[in-house]
Amino acid sequence: MNPLRKVIASSVRVYGWLLRLYPREFRSEYGPEMMQALQDRCRNELAGASITKAIGVWGTVLSDLIMSVPLEHLKKGKIMNRRYLTNGMGLLIILVSVSAALYWYQQRSRKTKAHVVDIFLRPSNAPLTPGTNCWSGPMQASEKAKLLKIEGIRSVTPVLSCLEIKDGLTLVLGIDLQSYTQEVGEFTYLAGRQFGSSTADEILVDDIYASKKGLRVGDSYILNGSSFRVCGVVRHGAGARIFAPIETLQGMMGGKGSASWMLIRCENRSQIETVIRSIQAKG
Amino acid sequence: MKKTKPDPESLLPLPSSVFHILLSLSDQERHGYGIMKEVATRTDGKVRLGPGILYGKIKHLIEGGLIEKSDERPDPRMDDERRVYYRLTDFGERVAIAETKRFSQLIGMARAKRLLSRSKFKACPR
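Summary of the structure given here. Computed from a prediction, not measured in an experiment: that's the story for all the values here.

**Section: the overall build of chain A**
Within chain A one finds nine helices and 11 strands. Carbon and sulfur atoms make up 56% of the accessible area of chain A, which amounts to about 14900 Å² in all.

Structure follows, in structure tokens:
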């Protein structure tokens, strides 16, 4: 069985067991639906994700249990029963401890594992550093489809990079937000939201740059002569100071479909060397 | 004897999670995960309802006559006998409208006082 399916099946089974914490009437009426909702959520959110993401889902499930179980018992009026009170407090302490441990593990994993890719691919004739105040896109983003055919590669995301000179050097990345965050790690939004689906003139800035420049969500920002709106502030360490939709930057540099780098995630870290050799063999 | 529904205004203000559930059902029938997903998407992930809280609210809303179970399966691709779809009742719609009007009045008052255009909400000077 595929490991993800195993995780989902086990999660639903454990959740089914935890539903015993709810009053019998509530459980018999909504238990199957609640299990189905959790299964749907796991299938939807864990597709192509890591175990850390599964732990994140469980963190929210446990916090939901901690809040809703006492509420449902209160509605039944059973919480005042001494036996229920003692058992309930014991279970609550266990659930709080497990949630805290999961939260700690998730934060630790985020710090140590996020924003790391397996392979950083750039053409051999490309400069090591991105272009300054000019967009460097020596590859075609369509190479992604060819790379995905190589055995051992799980995902690929194209990135268009630039160093902007404005009161210092600032790294700007044009990204496909969904595949970039799937591969490199989820952004932590400190304010605002991700790029809108229909607005191409939005950028994300990290908290260090936002603080340095006094930028807030809703502010306008001039990037390479074009005006952008800051739609979100993300925690630093995500790979650059400024992020914009890759299509927007491709349009600005007149290089439709161009990319500077490809960030590659392998099915398994032990396959990295094999995948590198396969890429080199294909030229 | 038929139970009469209370005045929608008497249920206001609605808890935020309840209003989000009613809003998510205002355009189509949805099952539990559909509601969770719609609420998370519409709020940019700021409001996330877990199964326990969601079904507790659903139970409460059904008892209050604001929503009801639907026998139809609007999404046959996702059909499963365990998936129960919910929809707004006429009374639930009236309550959601009343709450929306209340919010609208509040926003009108805030606009009249130019709350959003005050300097501290504007961008910081460089």
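Anyway, onward from the coordinates.
**Some thoughts on the interface of chain B and chain A**
Counting residues at the interface gives 27 residues for chain B, matched by 31 residues for chain A. Carbon and sulfur atoms make up 54% of the surface buried where chain B meets chain A, a total of about 2400 Å² over both sides. Here chain B and chain A share one salt bridge between them. Note that Arg83(B) and Asp40(A) form a salt bridge whose closest N and O atoms lie 2.5 Å from each other. When contributions to the side of chain B that touches chain A are tallied by element, the ones reaching two or more residues are α2 (32-42) and α3 (51-63) of chain B. With eight residues, the top contributor of residues to the side of chain B that touches chain A is α3(B).

**Brief notes about the sheet that holds strand β3 (residues 85-88) of chain B**
Residues and elements named next belong to chain B. On the basis of which strands lie adjacent, the open sheet formed by three strands has the order β1-β3-β2 and antiparallel pairing. What marks the edges here is a single partner per strand, and that holds for β1 (30-31) and β2 (67-70). Summarising the sheet, β1 and β3 pair through two bridges and their orientation is antiparallel. Looking at β3, one finds that Arg30 is bridged to Tyr86. The strands touched by α3 within the sheet are β2 and β3, with β2 carrying the most contacts at an inclination of about 105°.

**Some thoughts on the packing of aromatic side chains**
Under the counting rule described, the total for this entry stands at 10 aromatic pairs over all chains. Relative to Phe26(A), the ring of Tyr22(A) lies with its centre 5.3 Å away and its plane at 35°, an arrangement referred to as tilted. Of the residues examined, Phe26(A) reaches a relative accessible area of 2% and is grouped as buried. Ring centres of Phe26(A) and Tyr30(A) lie 5.5 Å apart, and the angle between their planes is 45°; this geometry places the pair in the tilted category. Placement of the pair is Phe26(A) and Tyr30(A) together in helix α2 (residues 24-46), with a separation of four residues, close to one helical turn. Summarising the burial analysis for this pair, Phe26(A) and Tyr30(A) share the class buried. Aromatic rings pair up to connect Tyr22(A), Phe26(A), Tyr30(A) and Tyr55(B) into one cluster.

**A look at the packing of α2(A) against α3(B)**
At a minimum axis separation of 10 Å, α2(A) and α3(B) run at an interaxial angle of 130°. Between α2(A) and α3(B), the angle is such that the two are oblique. Of the two elements, α2(A) crosses α3(B), and the hand of that crossing is right-handed. For the pair formed by α2(A) and α3(B), the contact residues are Phe26(A), Glu29(A), Tyr30(A), Glu33(A), Met34(A) and Ala37(A) on the first element and Pro51(B), Gly52(B), Tyr55(B), Gly56(B), Ile58(B), Lys59(B) and Ile62(B) on the second. Residues that form the contact of α2(A) with α3(B) fall into these classes: eight nonpolar, two polar and three charged.

**Observations concerning helix α8 (residues 246-253) of chain A**
What α8(A) keeps buried is the set Ile246(A), Thr248(A), Leu249(A) and Gln250(A). Tucked into the core, α8(A) has its buried residues touching β3 (153-165), β4 (169-175), β8 (226-234), β9 (242-245) and β10 (258-259) of chain A.

**Points about the packing of helix α1 (residues 16-24) of chain B against α3(B)**
Residues and elements named next belong to chain B. Two elements in contact, α1 and α3, have axes separated by 11 Å at closest approach and are oriented at 75°. With respect to their mutual orientation, α1 and α3 come out roughly perpendicular. Touching Ser17, Val18, Ile21 and Leu22 of α1 are Leu54, Lys57 and Leu61, all from α3. Class assignment for the residues of the contact of α1 with α3 results in five nonpolar, one polar and one charged.

**What about the pattern of salt bridges?**
All names here are of chain B. In total, this model carries 12 salt bridges over all chains according to the counting rule given. Residue Arg30 is joined to Glu38 by a salt bridge in which the shortest nitrogen-to-oxygen separation is 3.5 Å. Residue Arg30 shares its accessibility class with Glu38, and that shared class is buried. One network of salt bridges, in which partners are shared, links Asp27, Arg30, Glu38 and Arg42.

Conventions adopted
- Residues numbered from 1 in each chain as written.
- Chains lettered and ligands numbered in written order.
- Predicted model: local features only at pLDDT ≥ 70, side-chain atom pairs only at ≥ 80, totals over all residues.
- Heavy atoms only, no water.
- Helix = DSSP H or I, 4+ residues; strand = E, 2+ residues; numbered from the N terminus.
- Areas by Shrake-Rupley, 256 points an atom, 1.4 Å probe, with all protein chains shown as cover.
- Contact = heavy atoms within 4.5 Å.
- Buried area = accessible area lost by both parts, 1.4 Å probe.
- Salt bridge = Lys/Arg side-chain N within 4 Å of Asp/Glu carboxyl O.
- Pairing = 2+ DSSP bridges.
- Axes fitted to C-alpha atoms, helices over the stretch in contact; angles between N-to-C directions.
- Phe/Tyr/Trp six-rings, centres within 6.5 Å; stacked < 30°, edge-to-face > 60°.
- Buried < 20%, exposed > 50% of the residue type's maximum accessible area, 1.4 Å probe, protein only.
- Parallel < 35°, antiparallel > 145°, perpendicular 65-115°, else oblique.
- Left-handed = near helix turned anticlockwise from the far one by under 90°.
- Nonpolar A, V, L, I, M, F, W, Y, C, P; charged D, E, K, R; others polar.

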